[in-house]
Amino acid sequence: MKLEGVDTQEQARRFTNTPVFFPVKHAGEAEPGELSWDFFTGFRIEDSVHGHLGEVADVDTSTPNTLFVIDREGEELLVPAREEFILDIDTKHRVITVRLPEGLLDLEDAEEI
């Protein structure tokens, strides 16, 4: 990987253990044979606590926080596609296992009150 404006090892060392972000507009630019976010459409989402959440209907990459748009019994559920929440991705069985932060699914219930 090459960071713009970083041309030496000394300059690059400043970024050790630092999160690096790239423009969202580049997220969908997968070359043939590479994965894109669209690959996950149709995957089942299973939460380690709450069980089956639904199926990925779409992936929203319009913001810096990529979201799985999940069809949950006809309702739309937005789940952050964050590495720290994803426990496993089983491409053979098309299942993504997550552990969502406590209270995230409760927000959906709060909207109905």
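Residues numbered from 1 in each chain as written. Predicted model: local features only at pLDDT ≥ 70, side-chain atom pairs only at ≥ 80, totals over all residues. Heavy atoms only, no water.

(A) Spotlight on the side chain of glutamate 46. Along the chain, the position of glutamate 46 falls in strand S1 (residues 44–47). Engagement of the side chain of glutamate 46 in a polar contact is seen with the side chain of histidine 52, the distance being 3.0 Å. In contact with glutamate 46, other than residues within four places in its own chain, are Gly51, His52, Val95, Ile96, Thr97 and Val98. (Helix = DSSP H or I, 4+ residues; strand = E, 2+ residues; numbered from the N terminus. Polar contact = N/O pair within 3.5 Å; in protein donor to acceptor, adjacent residues only side chain to side chain. Contact = heavy atoms within 4.5 Å.)

(B) Here's a closer look at the nonpolar core. Among the nonpolar cores identified, the biggest contains 16 residues, and Ile45, Leu53, Phe68, Ile96 and Leu100 are the most heavily contacted of them. Those elements that provide at least two residues to this core are strand S2 (51–60), strand S3 (67–72), strand S4 (75–80) and strand S6 (95–98). Counting residues per element, this core draws most heavily on S2, at three residues. For isoleucine 45, the residues in contact, after removing those within four places along its chain, are Gly51, His52, Leu53, Gly54, Val56, Phe68, Ile70, Ile96 and Val98. (Core = buried A, V, L, I, M, F, W, Y, C linked by side-chain atoms within 4.5 Å. Buried < 20%, exposed > 50% of the residue type's maximum accessible area, 1.4 Å probe, protein only.)

(C) Seen up close, the pairing of S3. Pairing geometry for S2 and S3, over five bridges, is antiparallel. Of the residues in S3, the one forming a bridge with valine 56 is isoleucine 70. Hairpin connection from S2 to S3: six residues lie between these consecutive antiparallel strands. Pairing of S3 with S4 involves six bridges; the strand directions are antiparallel. If you follow phenylalanine 68 over to S4, its bridge partner there is valine 79. The turn joining S3 and S4, which pair antiparallel and follow one another in sequence, is formed by two residues; a positive phi near 55° is taken by glutamate 73. (Pairing = 2+ DSSP bridges.)

(D) Quick look at the packing of aromatic side chains. Evaluation of the coordinates by the stated rule reveals six aromatic pairs. Ring geometry for tryptophan 37 and phenylalanine 40: centres 6.0 Å apart, planes at 50°, overall tilted. Among the residues examined, phenylalanine 40 registers a relative accessible area of 12% and is labelled buried. Ring centres 6.1 Å apart and planes at 75° place the aromatic pair phenylalanine 40 and phenylalanine 68 in the edge-to-face group. Highlighted residues: phenylalanine 40 in the loop between helix H1 (9–13) and S1 and phenylalanine 68 in strand S3, separated in sequence by 28 residues. Classification of phenylalanine 68 as buried rests on a relative accessible area of 1%. Taken together, the aromatic side chains of Trp37, Phe39, Phe40, Phe43 and Phe68 make up a single cluster linked through ring pairs. (Phe/Tyr/Trp six-rings, centres within 6.5 Å; stacked < 30°, edge-to-face > 60°.)

(E) Looking closely at unusual backbone geometry. Residue glutamate 73 is not a glycine yet carries a positive backbone phi of 55°. Within the secondary structure, glutamate 73 sits in the loop between S3 and S4. Under the relative-accessibility criterion, glutamate 73 is labelled exposed at 80%. At arginine 94, a residue that is not glycine, the phi angle is positive and equals roughly 55°. Looking at the secondary structure, you find arginine 94 in the loop between strand S5 (86–90) and S6. Exposure remark for arginine 94: the relative accessible area of 34% places this residue in the partly exposed category.

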